[in-house]
Amino acid sequence: KGRAGRLQEGKCIRLWNEFDPRKKELQPEILRTDLSELVLECADRGVYDLSKIQWLDSPGKAAWETSVNLLKTLGLIKEDLRISEKGKCALKLGLHPRLASIVLVGKISGCDWEKLVLEYSSYGESSREIKSRFLQDLNHRLEKLNLSLLKKEIKELKDSKLLILEGYPDRLAKRIEE
């Protein structure tokens, strides 16, 4: 079929049902992914307004605002949308802002953050060697940061069980008995 069939004979094996609807094009990634890393990088470069950027495909305003609100909640950007010290450190870790927030607060508080970050990162199912290299790289990046600047911005945790809330404060829920 198609170009291959015009060049020479052969067999065409489709891996989908002939009658299944298929999209010819995927929606652009910027319209279907989390924008929090992008918003944080923009804040670091002094860009705070979605409309001030010339996009190939402009992200949705609601998705942008959701990311801004998350970054404010995590303390990575300030109310005026400028990046905080914690946000600058988070960018240098090369992690999703949620995980970076867990790492920074965990490191400053002396909590066991490594197991938690492995569990919530894409490295959770990796081999021991890859997990070890990931954590070594992360610890190396942490050593380069001036974490003393963050002690003013970050409250130390007394209970390491609460560390997950440093990355996922918007996912806290309370069970209500019926």
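Just so we're clear, the structure is a prediction, and the values are computed from it rather than from any experiment. (Residues numbered from 1 in each chain as written. Predicted model: local features only at pLDDT ≥ 70, side-chain atom pairs only at ≥ 80, totals over all residues. Heavy atoms only, no water.)

*Asks:* Quick one: what's the story with the overall build of the protein, residue by residue and with numbers?
*Replies:* In terms of helices and strands, the protein carries seven helices and zero strands. Start at the N end of the protein and walk to the C end: the helices and strands fall as α-α-α-α-α-α-α. Compactness check: the protein gives a C-alpha radius of gyration of 22 Å against a globular reference of 16 Å for 178 residues, more than 25% above the reference. Counting only C-alpha atoms, the protein reaches 70 × 50 × 45 Å along its principal axes. Considering the protein as a whole, with its 178 residues, one finds that 31% of them fall into the buried category. Relative to all contacts within the protein whose residues are 6 or more apart in sequence, the contacts with residues 24 or more apart total 62%. Here the protein displays about 13300 Å² of accessible surface, and carbon together with sulfur accounts for 47% of that area. Each charge class in the protein was averaged separately, 34 positive and 29 negative side chains, and the resulting centres sit 2 Å apart. (Helix = DSSP H or I, 4+ residues; strand = E, 2+ residues; numbered from the N terminus. Rg over C-alpha atoms; globule rule 2.2 N^0.38 Å. Buried < 20%, exposed > 50% of the residue type's maximum accessible area, 1.4 Å probe, protein only. Contact = heavy atoms within 4.5 Å. Areas by Shrake-Rupley, 256 points an atom, 1.4 Å probe, with all protein chains shown as cover. Lys, Arg positive; Asp, Glu negative; His and termini not counted. Charge placed at Lys NZ, Arg CZ, Asp CG, Glu CD.)

*Asks:* Before we move on, can you summarise the environment of Arg6 with the specific residues and values?
*Replies:* For Arg6, the position within the fold is in helix α1 (residues 2-7). For Arg6, a relative accessible area of 66% puts it in the exposed group. Sequence separation between Arg6 and Arg141 is 135 residues, and the spatial gap between their C-alpha atoms is 54 Å.

*Asks:* Pulling in residues and values, what's your account of empty space enclosed by the protein?
*Replies:* In this structure the tally under the stated criterion is one cavity of 30 Å³ or more. Listing elements by their share of the lining of the largest cavity, those giving two or more residues are α2 (36-44) and α3 (61-74). Grouping the amino acids of the lining of the largest cavity by side-chain chemistry returns nine nonpolar, no polar and no charged. (1 Å grid on protein atoms, 1.4 Å probe; cavity = no way out; pocket = protein on both sides within 12 Å on 5 of 7 lines; lining within 4 Å. Points joined across faces, edges and corners; volume = space filled by probe spheres on them. Nonpolar A, V, L, I, M, F, W, Y, C, P; charged D, E, K, R; others polar.)

*Asks:* Requested: an account of the side chain of Lys86, with residues and values cited.
*Replies:* Residue position: Lys86 is located in helix α4 (residues 85-93). Notably, Lys86 is buried but unbridged: the nearest opposite-charge side chain belongs to Glu166, and the N-O separation is 4.2 Å. Lys86 has contacts with Leu74, Gly75, Leu76, Ser101, Leu104, Val105, Leu150, Glu153, Ile154 and Glu166, leaving out every residue within four places of it along the chain. (Salt bridge = Lys/Arg side-chain N within 4 Å of Asp/Glu carboxyl O.)

*Asks:* Can you lay out the pattern of salt bridges for me, pointing to particular residues and giving the numbers?
*Replies:* Scanning the model with the defined rule gives seven salt bridges in all. Between Asp170 and Arg98 there is a salt bridge; the shortest N-O distance is 2.8 Å. Note that Asp170 is positioned in the segment after α7 (128-144) and Arg98 in helix α5 (residues 97-109), a separation of 72 residues in sequence. The exposure class assigned to Arg98 is buried, which follows from its relative accessible area of 8%. Put simply, Arg141 and Asp137 hold a salt bridge, and the shortest N to O gap is 3.0 Å. One end of the pair, Arg141, and the other, Asp137, are both in helix α7, four residues apart, so they sit about a helical turn from each other.

*Asks:* Please provide a residue-by-residue account of the confidence of the model for the protein, values included.
*Replies:* Summing up the model confidence of the protein, the mean pLDDT is 89 and the portion of residues at 70 or higher is 99%. When mean pLDDT is taken per element in the protein, α2 scores highest with 96 and α1 scores lowest with 73. (pLDDT = per-residue confidence, 0-100.)

*Asks:* Got a sec to walk through α5? Specific residues and values, please.
*Replies:* For α5, with 13 residues, the first-to-last C-alpha span of 18 Å sits near the 18 Å given by 1.5 Å per residue. Residues Pro97, Arg98, Leu99, Ala100, Ser101, Ile102, Val103, Leu104, Val105, Gly106, Ile108 and Ser109 constitute the buried set of α5. Taken together, the buried residues of α5 touch α2, α3, α4, α6 (114-120) and α7. Two residues or fewer after α5 comes Gly110, characterised by a positive phi angle close to 75°. (Expected span 1.5 Å × (residues − 1).)

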